[in-house]
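Observations on the model geometry
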Amino acid sequence: DLHNVLRSQILCSFLRLTTHSIVSINKGRKEKKLLTRKEEKILVHLTTMHERYATVFRNIGLATNLETQPGFYKKKQIPPALQAVFSSGKKVIGIAPFAQYHEKMYPLQRMKLVAEKLAAENNIILLLGAAGNEAAILQQWEEDIFSVFNIAGRYSFTDELSIISNLNVMVSMDSANMHLASLYNVPVVSVWGATHLFAGFYGWAQDEGNIVQISLDCRPCSVFGNKPCFRGDHACMNRISEDMILQKVLHLIS
């Protein structure tokens, strides 16, 4: 059981009535509550989710080695429409400014400034997001900034993975794009607010030095970023300057 949620717990209960053996993942819910409570946080680096999954397989007798090797997948062929972009000789940087929850997002207008400054450094910027409202916002960025291109909603998921695999750097929130880029060994400059890598959800084999964050007594306030800021000022993101993100990216591509 790699979920350990209500549905899988019920299934396991039925299976225990038979001769089946049951092994469930330990999600560390108690430790995560201590990590995210408002007062007297116990701020320690918890077991990563990668290791928690691996432990399940080890407990059923399957050898599982999680040495921190770089990406699992090799670069994929670039979609024809973008081959000229990647053969331009310029660094190609992906920016994925959205996340499932608002508390995990850097202010959009300020991320737009980051994109503008990176493009001004003779780089090409590819904007990633979902079709619909996100794509519409990113389309406006494309129209406003030279050398910035919106690919949101224009390519299949398979093609997006091909594009991500060829990036020089990905800039993302604590979101799926961080994990997707990690699987292809693409360095990720990830911006963290309400959440924290100590909860165990950092991108595979990513350098922790590439994280952009500030220290606040209230961080992290939730595991997944799905709780509103109790301070009311979203300081964990608002106090991060555009230059903090910019310098991390420029260091990686220099």
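Reading the values: the criteria
Residues numbered from 1 in each chain as written. Predicted model: local features only at pLDDT ≥ 70, side-chain atom pairs only at ≥ 80, totals over all residues. Heavy atoms only, no water. Salt bridge = Lys/Arg side-chain N within 4 Å of Asp/Glu carboxyl O. Helix = DSSP H or I, 4+ residues; strand = E, 2+ residues; numbered from the N terminus. Buried < 20%, exposed > 50% of the residue type's maximum accessible area, 1.4 Å probe, protein only. Patch = residues over 30% accessible without salt bridge, like charges linked within 9 Å, V, L, I, M, F, W, Y side chains within 5 Å. Areas by Shrake-Rupley, 256 points an atom, 1.4 Å probe, with all protein chains shown as cover. 1 Å grid on protein atoms, 1.4 Å probe; cavity = no way out; pocket = protein on both sides within 12 Å on 5 of 7 lines; lining within 4 Å. Points joined across faces, edges and corners; volume = space filled by probe spheres on them. Nonpolar A, V, L, I, M, F, W, Y, C, P; charged D, E, K, R; others polar. Pairing = 2+ DSSP bridges. Contact = heavy atoms within 4.5 Å. Axes fitted to C-alpha atoms, helices over the stretch in contact; angles between N-to-C directions.

Describing the pattern of salt bridges
This structure, assessed with the given rule, holds 6 salt bridges. Residue R154 is joined to E142 by a salt bridge in which the shortest nitrogen-to-oxygen separation is 3.4 Å. A residue pair is termed long-range when its members are at least 10 positions apart, and R154 in the loop between β3 (148–150) and α7 (157–165) and E142 in helix α6 (residues 133–144) qualify at 12 residues. Given a relative accessible area of 46%, R154 falls into the partly exposed group. Between D233 and R231 there is a salt bridge, and its shortest N-O distance comes to 2.9 Å. Overall, the relative accessible area of 33% leaves D233 in the partly exposed class. The exposure class assigned to R231 is partly exposed, which follows from its relative accessible area of 36%.

Re a nonpolar patch on the surface
Residues L2, Y53, F57, I60 and L62 make up a contiguous nonpolar surface patch of about 430 Å² in total accessible area. For L62, the location among the structural elements is in the loop between α3 (49–59) and α4 (83–86).

Structural notes on unusual backbone geometry
Across the junction of R219 and P220, the peptide omega takes the value -10°, indicating a cis bond. In this structure, P220 sits in the loop between β6 (211–212) and α9 (235–238). Phi at E40 takes a positive value of approximately 55°, unusual for a residue other than glycine. Summarising the element assignment, E40 is placed in the loop between α2 (29–36) and α3. In this structure E40 comes out as exposed when scored by relative accessible area, which is 67%. Phi angles above zero are rare outside glycine, and A205 is one such case at about 60°. Its location among the elements puts A205 in the loop between β5 (188–191) and β6.

Comments concerning empty space enclosed by the protein
In this approach a probe as big as a water molecule rolls over the atoms, and the regions it shows empty are the leftover space. In total, this model carries 1 cavity of 30 Å³ or more according to the counting rule given. Estimates place the volume of the largest cavity at around 90 Å³. Lining the largest cavity are E103, A194, L216, C218, R219, C221, C229, F230, R231, H234, A235 and C236. Taken together, the residues of the lining of the largest cavity sort by class into 8 nonpolar, 1 polar and 3 charged.

Concerning the environment of A131
Relative to the assigned elements, A131 resides in the loop between β2 (124–127) and α6. For A131, a relative accessible area of 59% translates into the label exposed. Between the C-alpha atom of A131 and that of Y155, which follows or precedes it by 24 residues, the distance is 9.7 Å.

Regarding the sheet that holds β3
Taken together, 6 strands build an open sheet; the order of strands is β3-β2-β1-β4-β5-β6 and the sheet is parallel. Two strands in the sheet have a free side with no partner beyond their single neighbour: β3 and β6. Note: strand β1 (residues 92–96) against β2, 4 bridges, orientation parallel. Looking across to β2, one finds that I93 is bridged to I125. Helix-sheet contacts for helix α8 (residues 176–183) involve β1, β4 (169–173) and β5, and the interaxial angle to β4 is about 155°.

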